[in-house]
Amino acid sequence: MSVDGLRRAARETVAGLPREFWWLWTSTLINRLGAFVATFMTLYLTLEGGYSASYVGLVVALHGLGGVVSSLGAGVMTDRLGRRPTMLIAQVSTALSVAVLGFMVNPVAIAVVAFLVGMASNASRPAVQAMMADIVPAKDRVRAFSLNYWAINLGFAVSSIAAGFIAEYSYLAGFIGEALMTLACAVLVFVKVPESRPERAPVAPGEKAAAQDGVRLSTVLRDGRFMSVVGLSFVLALVFQQGSVGLPLAMGAQGFSPSDFGTVIFVNGLLIVALQIPVTRFIQHRDPRKLLVVSALLAGYGFGLTAFAGSIALYALTVCVWTLAEIVNAPTQTGLVVQLSPAQGRGRYQGMYTMSWSAAALVAPLMSGFVIDRYGAGWLWGICAALGTVAAAGYWLLTRNLPQDQNEKQDQNQDKIKVQAQENEQAQEYGVGEVAVVESGVLTPVAAVVRTDGAGTEAGRAAG
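Residues numbered from 1 in each chain as written. Predicted model: local features only at pLDDT ≥ 70, side-chain atom pairs only at ≥ 80, totals over all residues. Heavy atoms only, no water.

## Things to note about the nonpolar core
Point 1. Counting 45 residues, the largest nonpolar core has F226, L247 and Y395 as the members making the most contacts within it.
Point 2. When residues of this core are traced back to their parent elements, those giving at least two are α11 (224-241), α12 (246-253), α13 (258-283), α14 (288-304), α15 (312-339), α16 (346-375) and α17 (377-398).
Point 3. Leave out the neighbours within four places in its chain, and Y395 touches L232, S233, L236, R289, L292, V293, A296, N329 and Q333.
Point 4. In terms of nonpolar packing, the next biggest core, distinct from the first, is built from 22 residues, L88, F145, A151 and V189 among them. (Core = buried A, V, L, I, M, F, W, Y, C linked by side-chain atoms within 4.5 Å. Buried < 20%, exposed > 50% of the residue type's maximum accessible area, 1.4 Å probe, protein only. Helix = DSSP H or I, 4+ residues; strand = E, 2+ residues; numbered from the N terminus. Contact = heavy atoms within 4.5 Å.)

## A closer look at the packing of aromatic side chains
Point 1. Within this structure, the stated rule accounts for 13 aromatic pairs.
Point 2. Taking 4.6 Å as the distance between ring centres and 35° as the angle between the ring planes, the aromatic pair formed by Y51 and Y55 counts as tilted.
Point 3. Between F256 and Y315, the aromatic rings sit 5.6 Å apart at their centres with planes inclined by 85°, giving edge-to-face as the arrangement. In this pair, F256 is assigned in the loop between α12 and α13 and Y315 in helix α15, connecting sequence segments 59 residues apart. Taken as a pair, F256 and Y315 share a single burial class, namely buried.
Point 4. Ring pairing ties together the aromatic residues F21, W22, W25 and W150, which thus form one cluster.
Point 5. Here R286 stacks its cationic end above the ring of F282, 3.9 Å away from the centre of that ring.
Point 6. The aromatic ring of W396 is capped on one face by R289, whose charged end is 3.4 Å from the ring centroid. (Phe/Tyr/Trp six-rings, centres within 6.5 Å; stacked < 30°, edge-to-face > 60°. Lys NZ or Arg CZ within 6 Å of the ring centre and 35° of its normal.)

So this is what it looks like as structure tokens:
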């Protein structure tokens with residue numbers, strides 16, 4: 001492709017997305033640029049604190065458990081308080097808890113604060129994803145989620161390198177640096193990102209908001225198709241998590257050094273940064289059912305091929321396979337979650353989806369350690385292949401007769417409500433008032449009042 005062609009492709013990739021999305025995207029990038037705790041928690045506790053491997057495993061597990069606990073609560077907050085307040089609360093809480101963690105020396109205090117950090121840092125995810133679904137038109141959501149995922153990985157790649165140099169100077173500086181970067185995200189959201197929660201119809205006296213919206217956590221749990229997607233997400237997340245837990249254990253058992261693992265896993269970040277945008281251009285208008293099935297198979301058998309790897313080059317080749325699955329699956333599955341979520345319940349639905357990944361992050365280390373210790377790494381990679389096959393079959397069955405995206409109609413109705421409100425305000429300036437309702441996507445006038453003098457007279461009433 002020529003230079004002009006590359007420029008045109010880049011313009012088409014970023015064109016047409018709302019300004020609010022780019023501020024949110026910038027906030028995500030800044031947040032990931034400051035990531036330190038997730039990257040160097042283990043090294044900090046072992047090298048700086050001198051703690052045992054079992055204690056470190058407990059702290060990491062508590063950090064993951066915090067994310068599981070906060071997912072559902074953050075989803076409810078996203079729907080009730082709004083996207084913007086939830087993000088601000090989560091980001092400020094993360095900044096404070098990360099800063100406090102850097103000063104903790106008591107083992108119990110470290111474990112407790114690590115749990116709080118896990119809760120706070122995970123709480124913003126349902127709000128971010130719900131806001132993106134609110135502000136980006138349905139036809140552009142896969143592209144938007146892909147760009148956001150690209151920002152996450154770009155920021156993480158840069159922060160991993162920077163954090164290594166910072167850790168050589170001072171681990172405390174890393175904690176304080178992450179706290180300051182997270183506060184910068186909160187300031188950016190406060191100044192530049194408006195609330196995007198869909199407008200609600202007026203709530204009758206004594207009627208609860210959740211009941212009026214018709215979306216509770218029980219509603220999410222009773223949504224069989226969506227909960228099946230959450231289950232499949234958990235299964236596939238168990239596979240993807242092996243890149244950070246099972247793979248280093250297996251390579252270490254074969255005598256490879258930490259730097260060898262670093263070289264192999266660097267391929268993952270490099271490919272995502274290089275290929276996420278062009279691959280998105282290729283997949284954004286293709287059948288999500290086929291994309292989910294193919295990505296699940298690539299993930300399962302990409303890790304399955306690791307059983308036959310005996311050199312850094314072969315390990316890197318397997319990473320290429322499952323990284324391609326990650327690139328395809330991440331935006332496609334997030335788009336499916338949005339498609340199955342009602343606009344007024346996006347926070348709760350996103351919270352449940354986020355919990356599947358948090359739970360996988362908690363279970364995957366236990367699974368990989370047990371299987372490798374009892375049966376060997378080969379069995380772990382065989383299980384990954386089986387899980388990928390199960391997920392692929394599940395996606396194929398669940399996405400049959402998938403309903404058309406109802407969010408497009410809901411978004412159109414919200415736009416009509418806003419337009420009608422503006423027209424009513426303008427009409428009142430000229431002495432004309434009009435009330436309208438939206439039913440089945442059609443705007444229907446209910447009444448019109450014309451003021452012909454100071455007192456005003458009723459001109460007529462129209463039945464919609």
